[in-house]
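Per-entry structural report
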There are 4 protein chains.
Amino acid sequence: LAKLLINSYGKSRVRLTKVSRTSDRHEIADLSIDIKLQGDFAASYTTGDNRKVIATDSMKNTVYVLAKENSFASIEDFATLLSNHFVDTYPQVSCADITMEESKWRRIKTDDKPHAHAFVSCGPEKRTCFLMRNRNLRDTVRMGGLTDLQVLKTAGSEFTNFVTDRYRTLKDAKDRIFATTIEALWTYSPDATEFNGHFVDIRGALLQTFATHYSLAVQQTLLTMGEAALAACQKIDAITLKLPNQHRIPFNLQPFGLENNNEIFVTTDEPFGSISGTVTRK
Amino acid sequence: LAKLLINSYGKSRVRLTKVSRTSDRHEIADLSIDIKLQGDFAASYTTGDNRKVIATDSMKNTVYVLAKENSFASIEDFATLLSNHFVDTYPQVSCADITMEESKWRRIKTDDKPHAHAFVSCGPEKRTCFLMRNRNLRDTVRMGGLTDLQVLKTAGSEFTNFVTDRYRTLKDAKDRIFATTIEALWTYSPDATEFNGHFVDIRGALLQTFATHYSLAVQQTLLTMGEAALAACQKIDAITLKLPNQHRIPFNLQPFGLENNNEIFVTTDEPFGSISGTVTRK
Amino acid sequence: LAKLLINSYGKSRVRLTKVSRTSDRHEIADLSIDIKLQGDFAASYTTGDNRKVIATDSMKNTVYVLAKENSFASIEDFATLLSNHFVDTYPQVSCADITMEESKWRRIKTDDKPHAHAFVSCGPEKRTCFLMRNRNLRDTVRMGGLTDLQVLKTAGSEFTNFVTDRYRTLKDAKDRIFATTIEALWTYSPDATEFNGHFVDIRGALLQTFATHYSLAVQQTLLTMGEAALAACQKIDAITLKLPNQHRIPFNLQPFGLENNNEIFVTTDEPFGSISGTVTRK
Amino acid sequence: LAKLLINSYGKSRVRLTKVSRTSDRHEIADLSIDIKLQGDFAASYTTGDNRKVIATDSMKNTVYVLAKENSFASIEDFATLLSNHFVDTYPQVSCADITMEESKWRRIKTDDKPHAHAFVSCGPEKRTCFLMRNRNLRDTVRMGGLTDLQVLKTAGSEFTNFVTDRYRTLKDAKDRIFATTIEALWTYSPDATEFNGHFVDIRGALLQTFATHYSLAVQQTLLTMGEAALAACQKIDAITLKLPNQHRIPFNLQPFGLENNNEIFVTTDEPFGSISGTVTRK
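Rules used in this analysis
- Numbers given for residues are sequential positions, taken from 1 along each chain in its written order.
- In the order they appear in the text, chains get letters beginning with A and ligands get numbers beginning with 1.
- Restriction of local features to residues with pLDDT of at least 70 applies here, the model being predicted, together with a cutoff of 80 or more for giving and counting side-chain atom pairs; totals for whole chains, interfaces and linings are based on all residues.
- Excluding hydrogens and water, the side-chain figures rest on all heavy atoms present in the structure.
- Strands are runs of DSSP state E lasting at least two residues, helices are runs of H or I lasting at least four, and both sets are numbered from the N terminus onward.
- Pairs of residues are marked as contacts when any of their non-hydrogen atoms sit within 4.5 Å.
- Here, Shrake-Rupley sampling with a 1.4 Å probe gives the accessible areas, and only protein chains in the shown set may cover a residue.
- Overlaid copies result from least-squares superposition on C-alpha atoms, with residues included only where pLDDT is at least 70 in both.
- The disulfide criterion used throughout: a pair of cysteine sulfur atoms within 2.5 Å.
- Three exposure classes are used, based on accessible area relative to the maximum for each residue type with a 1.4 Å probe and protein chains only: buried under 20%, partly exposed in between, and exposed over 50%.
- For helices, the fitted line uses only the C-alpha atoms of the stretch in contact; every axis is such a line through C-alpha atoms, and the angle between N-to-C directions lies from 0 to 180 degrees.
- Small angles under 35 degrees read as roughly parallel and large ones over 145 as roughly antiparallel, with 65 to 115 read as roughly perpendicular and the rest as oblique.
- Each helix crossing is assigned a hand: it is left-handed if the near helix lies turned anticlockwise from the far helix by less than a right angle, otherwise right-handed if that turn is clockwise.
- Residue polarity is assigned by list, with Asp, Glu, Lys and Arg as charged and Ala, Val, Leu, Ile, Met, Phe, Trp, Tyr, Cys and Pro as nonpolar; anything else, Gly included, falls into the polar class.
- Throughout this description, the term salt bridge denotes a Lys or Arg side-chain nitrogen within 4 Å of a carboxyl oxygen of Asp or Glu.
- Using a 1.4 Å probe, buried area is obtained as the accessible area two parts lose upon being combined, added over both of them.
- Following DSSP output, two strands are said to pair if at least two bridges run between them.

A few words now on the overall build of chain A. From N to C terminus, chain A includes five helices and 10 strands. Taken along its principal axes, the extent of the C-alpha atoms in chain A is 75 × 70 × 40 Å. For chain A, restricting intrachain contacts to residue pairs at least 6 apart in sequence, the fraction spanning at least 24 positions comes to 64%. Accessible surface for chain A amounts to roughly 11,100 Å². Of this, 50% is attributable to carbon and sulfur atoms.

Now for the relation of the copies chain C and chain D. Expressed as a screw operation, the relation of chain C to chain D combines 0.0 Å of axial shift with a rotation of 180 degrees, fitting to an RMSD of 0.0 Å. What the superposition gives is, in effect, a two-fold axis relating one chain to the other. Residue by residue, 100% of the interface of chain C is reproduced at the interface of chain D, so both copies engage with the same surface.

Right, let's get into the state of the cysteines. Residue and element names in this part refer to chain C. Throughout the structure, instances matching the rule amount to zero disulfides over all chains. Free cysteine: cysteine 95, not disulfide-bonded; nearest cysteine sulfur from cysteine 129 at 15 Å. On the accessibility criterion, cysteine 95 (5% relative accessible area) is buried.

The subject of this paragraph is the relation of the copies chain B and chain A. Rotating chain B by 180 degrees about the axis while translating it 0.0 Å along that axis superimposes it on chain A, leaving an RMSD of 0.0 Å. Both copies share a contact surface, since 100% of the interface residues of chain B are interface residues in chain A too.

All names here are of chain C. Remark: helix H2 (residues 56-69) packs on helix H3 (residues 75-89), axes separated minimally by 11 Å, with the N-to-C direction vectors making an angle of 130 degrees. The orientation of H2 relative to H3 falls into the category oblique. Seen along the crossing, H2 lies across H3 with a hand that is right-handed. From H2, Met59, Thr62, Val63, Leu66 and Ala67 reach across to H3, where they touch Phe78, Leu81, Leu82, His85 and Phe86. A class-by-class count of the residues in the contact of H2 with H3 yields eight nonpolar, two polar and no charged.

Right, let's talk about the pattern of salt bridges for a bit. Residue and element names in this part refer to chain A. Counted by the stated rule, this structure contains 80 salt bridges over all chains. Of the charged contacts in the structure, one is a salt bridge between aspartate 57 and lysine 60, with a shortest N-O distance of 3.0 Å. Here the residue aspartate 57 and the residue lysine 60 both occupy positions in helix H2 (residues 56-69), the gap between them amounting to three residues, near one helical turn.

Taken residue by residue, the interface counts 72 residues in chain B and 72 residues in chain A. Interface of chain B and chain A: buried area, both sides summed, is about 5,900 Å²; carbon and sulfur atoms make up 53% of it. Of all residues in chain B, the largest losses of buried area upon contact with chain A belong to B:Tyr45, B:Tyr167 and B:Gln219, amounting jointly to 12% of the total for that side. Seen at the junction of chain B and chain A, the total is six salt bridges. Of the charged contacts in the structure, one is a salt bridge between B:Arg13 and A:Glu270, with a shortest N-O distance of 2.9 Å.

This part takes up the pairing of strand S6 (residues 178-188) of chain B. Residues and elements named next belong to chain B. When you tally the buried positions in S6, you get eight out of 11 residues, the bulk of the element. In this sheet, S6 lies alongside strand S5 (residues 141-153) in antiparallel orientation, the contact comprising nine bridges. Its bridge partner lying in S6, valine 151 is registered against threonine 180. Looking at chain direction, S6 and strand S7 (residues 236-245) are connected through six bridges and run antiparallel. What sits directly across from alanine 184, in S7, is leucine 241.

Another aspect to go through is the environment of B:Leu5. With respect to the helices, strands and loops of the structure, B:Leu5 is situated in strand S1 (residues 2-20). It is 9.9 Å that separates the C-alpha atoms of B:Leu5 and B:Ala42, two residues lying 37 residues apart in sequence. Look past the residues within four positions of B:Leu5 in its chain and what remains in contact with it is A:Thr278 and A:Thr280.

Structural data, given as structure tokens:
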């Protein structure tokens, strides 16, 4: 009567801190890793026969063991190791998805020099990646990204001439605050290898464009940021951007006999506008 | 050089409390609503021409206005009103997605009777729905669901005979705690109308099955729960379940000269197993 | 030049699930425990001499060991065991504070009967306690409480005749929604022993009073709830209540040619009113 | 039978973004403000007589109005304005507490220069202050602080020679990761005025000391950091520090035939050690 159409399982939020002690100048990688497998696992669902099931606890162990046995230059490289491991080790696995988030730390400055082994968090911004190795496809899907990159500009943003009807109360704004938290995910070409350099280039292009683009709509800035990312890095084919519009609402000072010259705003978390788009090369 | 492949925009986290005062016995609906539109909005992205853009602020207003002007028996009904409104009012809209979460309140008992207008929160569990009205499709996609339904059983759960290899350290468990937080989303048939009754039936089947199914794997319980939901409600075609395995880890009492007879556990949030599956009718 | 004025240390968020398997009908206790010690620990601060320091890891172990070795009827009883343990075992401890939160689960009903070992979460409401055993005081301070008890009433609440001046824009409200999340902490008399019964009585009095009291101000309801708690349980000497005023703001429907007859509200999280008070016996 | 022993009320989470447009180079202040009043408000509790009650909504308005009418150099200065306003305007107010959190933004660099009006969030670290103006005391209590300053060091931290008994399983650690999130609150002398400079000096001393102090215990580092703060700023009398010990637990690689040379760690959020202390001048 019923059948299992789709299934997957894995381990989420495997949190790893790896310290590289190859010199006195320590390096740290602070990662959260999600693993998801698809394959010949239906017996576990249908009869509770787990003989082909790799325990999610074993997946967790695998993360720590592979982190010990390998050095890796980027989260994309470590995710490649992991996805290959699961597909190459277990014939029952048809597809292995790896999602990673990296929290960044910068060195504390002491006597104006970066310290060798003391760090301060760079904040909530995270570098992300998503790898999908499918046994039946030649190329692994490899995506890089970032999330929680919170930005704000106090000039250079309008929103005017939108639909006027019964449901509109918002006035045209010739000069408004534009605040958002950038989430981006881009697809690497099969021949990309320099993920750290590409990340720096793309992130820089996104920030530079946000700052300098004169915005007539969040949508327009989104497309311009996507174009800038594609221009900054030839090794990506597409980029998806999410730019929530985190409203700063001018506080009404008229009841107090004052004028709000675009100075005093209520900071809000919700509701928020949700603007997204995917930009590709022509 | 670049083109906009996909785009959508909308308003998220529009929070509405509606009080129905048709009698002394008040009713409340406590909803959070997300609206997402697709359509002929490319000009806003490419040139900042917003003439076809319905402001997300207007979408927010629309929620409150339609909530005032209409009575609705279920979140599915209100979501239908909203998705139809956007497609029917604006020719530039090709598709309107509505996502809703409903927080439930029950009446406080005073003198052993449910109070007419005082309520206590039922907790984090939320009833959800997702509606997608596409102008070019005859039927609206209508999905109901629930999220954050936290359950736990202290018997009737095994996990044994899974893959043994270098990466396994977990022992076979003949008797373990099974704790999860159910997330479910099901697809209604085009002729479904009694969403409240269906919700009660499906939720009941999920809980009953979780409690009584002897589990050889979370995967097996998932499929059994999905089958039970399909059996309990003929008006759904498919159900997707996510059952994170929220581990309770037996605390090692051996160093203290004690035996842990399956009594003392460390409650953990992460990492967690992530088990999911979609069950359809044959 | 500098001296250490106050110091304490401990372990926070020790999370324990204890299953009592004394019969086929299992019982669960789901606790989060914080331990804080004061005493002769200055050497650790001044010279890094840890010889008197009980590691916070050992405190964590102690929680699980004592949970195994003892049965306890209430969180107050378990907290008493723990605070006594630290003061009685370690002469360097002058004071041991124990804070506990208990998450409640109720049995899933199957065939209309409560199940023997399957549970569903009662939600975010938590029962709490705070115990402070000071070596130099005869009596342990013992407080019980609750937190995250979310309630709402849609009638029986006014707020009028408050200060009118330049800074006021809020109108008098003869009929408003009163929504709050109750946090309460009460002090037990030295001879109190039936903590579970007292908890039920006090919680009942708080809910009953919230529902039935005609409120002219959140402040007035707070005092009335405190009085009701003191009346409901003779074994407490005082109660502190925090009743954040979680505003539901009437949505302005006038721009749309509609009247808001106290039906349509914007649910808000912030800002919120913060009303608190401590009520004692005369 | 019952009496109101203590009471206070106020408004929490008033969120303000103020843009200073005095030149093309915009400045932003991003603040969250809590106000708490004590005074002659008992009538509101006892009889619902609100004639002396300043509505918390009016408090919120006051924040925005005073932010418009005044320029301020620091959160301490703005908090002083607010606390004075409430005590000086309303004779029924005996004490006004103001708590503020400031989220920091730095300028986005474009063409290697800081942009005039585009900013990126500095992350979760917040500058804080607490002001208490009591009508009957000559001096306002003025405290500055910071919170959510997340730091980590991978060398220079031991924890050894602590109490060995039945409850200890933790081994001596001659070289461990020390990760914490600094929360600090310091008390200014009555003659302090240069709060921004003091903040920079104290924050710098805390970070420098965390990085360079060879730690035999979190407690010892805490005291050393407090001493450094007092030495760095003569205008503070005391500092309270909270340094949660956010454990990075070495992953056991022995089952996999590998040795963990202090490289591979499990990142944990809970349980955590809670170390605190207040340091004053001799």
